[in-house]
Amino acid sequence: MDQFFDFLRHYWWLAFPLSGLAGGWARQWSRASERRHRRRVELYKLKNQTVQAERASQAEVAALMASHDAVNRRWLDYELDVGKLIDFPVMTDVREPLTVAFLRAKKAADGLRPAAPADMTTPARLAEYRTAVHGFELAFDVAEREAKRIKDHNFTEPERQRLARARKLLNIASDNAATPAERQTAYKRARRELDGLIVLPEATVAALEAKIAGELNAPHATD
């Protein structure tokens, strides 16, 4: 113990450089700690920004899918309502360029649609789907406006009369007050009136026949 105190008495001056060294080490340690803290904060911010970007992307995909569904429902209003197709036959006329453009846009959007928003994993795919959905909306709007403008004006007067008769016959075929025989006969006559004028989509025929299925199979009906 005496030797330790002797050392302190003879080398007390070492306290100054040692304290300087200790202070330098302390400052370096403090700066290193600050740098580590800043890096942790930056990494946290980056991770948070990434999560927010992913959430924003998924929200946009969900919104695009909802827009996609909305246009599909508008199209189904025509596909499942033969009366609307008779009123606006251009909507199923594949000879019309605008109708063809709409159907192609629909196929493109359907092909790019993800099963769920989380399945859209890259910005490139999101941009492609966004463009397809917007193109689908625009093409349908243009085709629908043209169909409502033209209506049945592309048909001759005799053809328009056939369309009008088919409309009335389909009303009878869907009328619960009519007898099964009347409904079946009206349906068959309506199909003959439309033959060569309007090609009914399979979904339209299926929906119509499902509606009057019992009457269509009635064995006692006549043409």
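Model, not experiment: these values are computed from the prediction.

Rules behind the numbers
- The residue count restarts for each chain, going from 1 along the sequence in the order it is written.
- Only residues with pLDDT of at least 70 get local features here, since the model is predicted, and only at 80 or more are side-chain atom pairs given and counted; chain-wide, interface and lining totals rely on the full set of residues.
- Computation of side-chain values: all heavy atoms of the structure, hydrogens and water removed.
- By salt bridge we mean one thing: a side-chain nitrogen of Lys or Arg within 4 Å of a carboxyl oxygen of Asp or Glu.
- Runs of E in the DSSP output that reach at least two residues are strands. Runs of H or I that reach at least four are helices, and both are numbered from the N terminus.
- Exposure categories follow from relative accessible area, calculated using a 1.4 Å probe and restricted to protein chains: below 20% of the type maximum is buried, above 50% is exposed, and the middle band is partly exposed.
- How far a helix is expected to stretch is found by multiplying one less than its residue total by 1.5 Å.
- As used here, the arc is the angular range of directions from the helix axis to the C-beta atoms.
- When the centres of two rings from Phe, Tyr and Trp lie within 6.5 Å, Trp using its six-membered ring, the rings pair. Their planes under 30 degrees apart give stacked, over 60 give edge-to-face, and anything left gives tilted.
- Only heavy atoms enter the contact rule, under which two residues are in contact if any of them lie within 4.5 Å.

1. Brief notes about the pattern of salt bridges
In a structure, side chains of opposite charge can pair up when their charged atoms sit close to one another. Enumeration over the complete set of coordinates arrives at 13 salt bridges. Here E60 and R130 are joined by a salt bridge, their closest N and O atoms 2.5 Å apart. Linking E60 in helix α2 (residues 15–79) with R130 in helix α5 (residues 123–150), this pair joins segments that are 70 residues apart in sequence. Under the relative-accessibility criterion, R130 is labelled partly exposed at 26%. The residue E193 makes a salt bridge to R165 at a minimum N-O spacing of 3.0 Å. Note that E193 is positioned in helix α7 (residues 180–194) and R165 in helix α6 (residues 157–173), a separation of 28 residues in sequence. Residues joined by salt bridges that share partners form a network here, namely R74, D141, E144 and K148.

2. Quick word on helix α4 (residues 97–112)
Between its first and last C-alpha atoms α4 spans 23 Å; for 16 residues at 1.5 Å apiece the expected length is 22 Å, and the two agree. Here α4 has its buried residues at T99, F102, A105, K106 and A109. Buried residues in α4, looked at end-on, bunch into an arc of 125 degrees, giving them a common side. Opposite the buried face of α4, by more than 90 degrees, sit the exposed residues P97, R104, K107 and G111.

3. A few points about the packing of aromatic side chains
Within a pair of aromatic rings, the relevant descriptors are the distance that separates the centres and the angle that separates the planes. The final tally for this structure, using the stated rule, is 5 aromatic pairs. Measuring from ring centre to ring centre gives 5.9 Å for F102 and F136, while their planes differ by 10 degrees; the resulting arrangement is stacked. A residue pair is termed long-range when its members are at least 10 positions apart, and F102 in helix α4 and F136 in helix α5 qualify at 34 residues. Accessibility classification places F102 together with F136 in one group, the buried group. For the pair F102 and F140, a centre-to-centre distance of 5.0 Å together with 70 degrees between the ring planes defines the contact as edge-to-face. Of this pair, F102 sits in helix α4 while F140 sits in helix α5; the two residues are 38 residues apart in sequence, bridging distant segments of the chain. Given a relative accessible area of 0%, F102 falls into the buried group. Here the aromatic cluster, defined as three or more aromatic residues joined through ring pairs, consists of W75, Y78, F88, F102, F136 and F140.

4. Here we look at the side chain of E144
In this fold, E144 is placed in helix α5. Look past the residues within four positions of E144 in its chain and what remains in contact with it is R74, Y78 and M91.

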